[in-house]
Amino acid sequence: LRAVKVVSRSRFSSERPYEREFTGIRQFEPISRSHLGVVHILHVGRDDAAGYFYYVMELADAVDGQPAASLAHYEPRTLASELKSRGRLPLIEVLALGVQLAGALGHIHRHRLVHRDVKPSNVIFVEGQAKLADIGLVTGADEAKSFVGTEGFIPPEGPGSAQGDIFGLGRLLYEAATGKDRCDFP
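Since this is a predicted model, take the numbers as computed values, not measurements. (Residues numbered from 1 in each chain as written. Predicted model: local features only at pLDDT ≥ 70, side-chain atom pairs only at ≥ 80, totals over all residues. Heavy atoms only, no water.)

A. Local environment of the overall build of the protein. Along the protein, the regular secondary structure elements total four helices and seven strands. Taken from the N to the C terminus, the helices and strands of the protein come in the order β-α-β-β-α-α-β-β-β-β-α. Split into buried and exposed, the 186 residues of the protein put 48% on the buried side. Relative to all contacts within the protein whose residues are 6 or more apart in sequence, the contacts with residues 24 or more apart total 60%. Carbon and sulfur atoms provide 54% of the accessible area of the protein, an area that totals close to 9,600 Å². (Helix = DSSP H or I, 4+ residues; strand = E, 2+ residues; numbered from the N terminus. Buried < 20%, exposed > 50% of the residue type's maximum accessible area, 1.4 Å probe, protein only. Contact = heavy atoms within 4.5 Å. Areas by Shrake-Rupley, 256 points an atom, 1.4 Å probe, with all protein chains shown as cover.)

See the structure below:
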């Protein structure tokens, strides 16, 4: 089974952010399959007449641990769902997660891309492996000027840089290690 995300042009107030998201997905697709810590994009397509583009990617494990054969009850296993059910994670798991996700971000950054929305709900598990996902905001490092992201994961200097991704990772690890909300960071 695979996941398919359809992105409709009507979701955007103008053409520019829609095109930026499509371009980011296209740039990310070829490098996605060369690192275990990022969700693998398997195909990108577009139907301009119908007003959408789409991409096919790996399907996350189910939160209940069961095979996703019954999609009627499927819920993806994310770091957010893990934190909700388990509270804070043991330090050894947080350290392993940090190393893995830092490596994934390094891979993205070496290809002159930025994620722009690193947070627990954007980390999925595929065959037990944590991966950066929800790559709809991925864009070229030179094109990341728009203000996007999630409160508490955006650095004081603003989003859209490799440093901003690292800030988001730090807040993600804070939540995983302490079980506290990132906005409670001292």
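Now that the structure has been shown, the text picks up again.
B. The arrangement of the sheet that holds strand 2 (residues 41-47) in detail. The three strands lie next to each other as 1-3-2, forming an open sheet whose pairing is antiparallel. Each end of this open sheet is capped by a strand with a single partner; those strands are strand 1 (2-8) and strand 2. Averaged over all pairs of adjacent strands, the angle between strand axes in this sheet comes to 15°, irrespective of strand direction. Of the strand pairs in this sheet, strand 1 and strand 3 (residues 52-58) are connected by seven bridges, and their pairing is antiparallel. In the sheet register, A3 faces strand 3, and the bridge partner there is M57. Sheet strands in contact with helix 1 (residues 15-32) are strand 1, strand 2 and strand 3, and its direction is about 150° off that of strand 2. (Pairing = 2+ DSSP bridges. Axes fitted to C-alpha atoms, helices over the stretch in contact; angles between N-to-C directions.)

C. Fine view of the packing of aromatic side chains. Tallying each qualifying case throughout the model produces four aromatic pairs. On the basis of an interplanar angle of 65° and a centroid distance of 5.6 Å, the ring pair of F12 and Y18 is categorised as edge-to-face. The class of F12 is buried, set by a relative accessible area of 14%. Where Y18 meets F53, the ring centres are 5.3 Å apart and the plane angle is 50°; that geometry is what we call tilted. Taken together, the residues span a long stretch of sequence, with Y18 in helix 1 and F53 in strand 3 at a distance of 35 residues. Comparing Y18 with F53 shows no difference in burial state: the two are buried. An aromatic cluster is defined as three or more aromatic residues linked by ring pairs; in this entry it consists of F12, Y18, F22 and F53. Positioned above the aromatic ring of F22, the side-chain terminus of R46 is 4.4 Å from the ring centre. (Phe/Tyr/Trp six-rings, centres within 6.5 Å; stacked < 30°, edge-to-face > 60°. Lys NZ or Arg CZ within 6 Å of the ring centre and 35° of its normal.)

D. Highlighting the pattern of salt bridges. In this structure the tally under the stated criterion is nine salt bridges. A salt bridge links E19 to R46; the nearest nitrogen and oxygen atoms lie 2.4 Å apart. Here R46 lies in strand 2 and E19 lies in helix 1, a separation of 27 residues in the sequence. Since its relative accessible area comes to 29%, R46 is described here as partly exposed. (Salt bridge = Lys/Arg side-chain N within 4 Å of Asp/Glu carboxyl O.)

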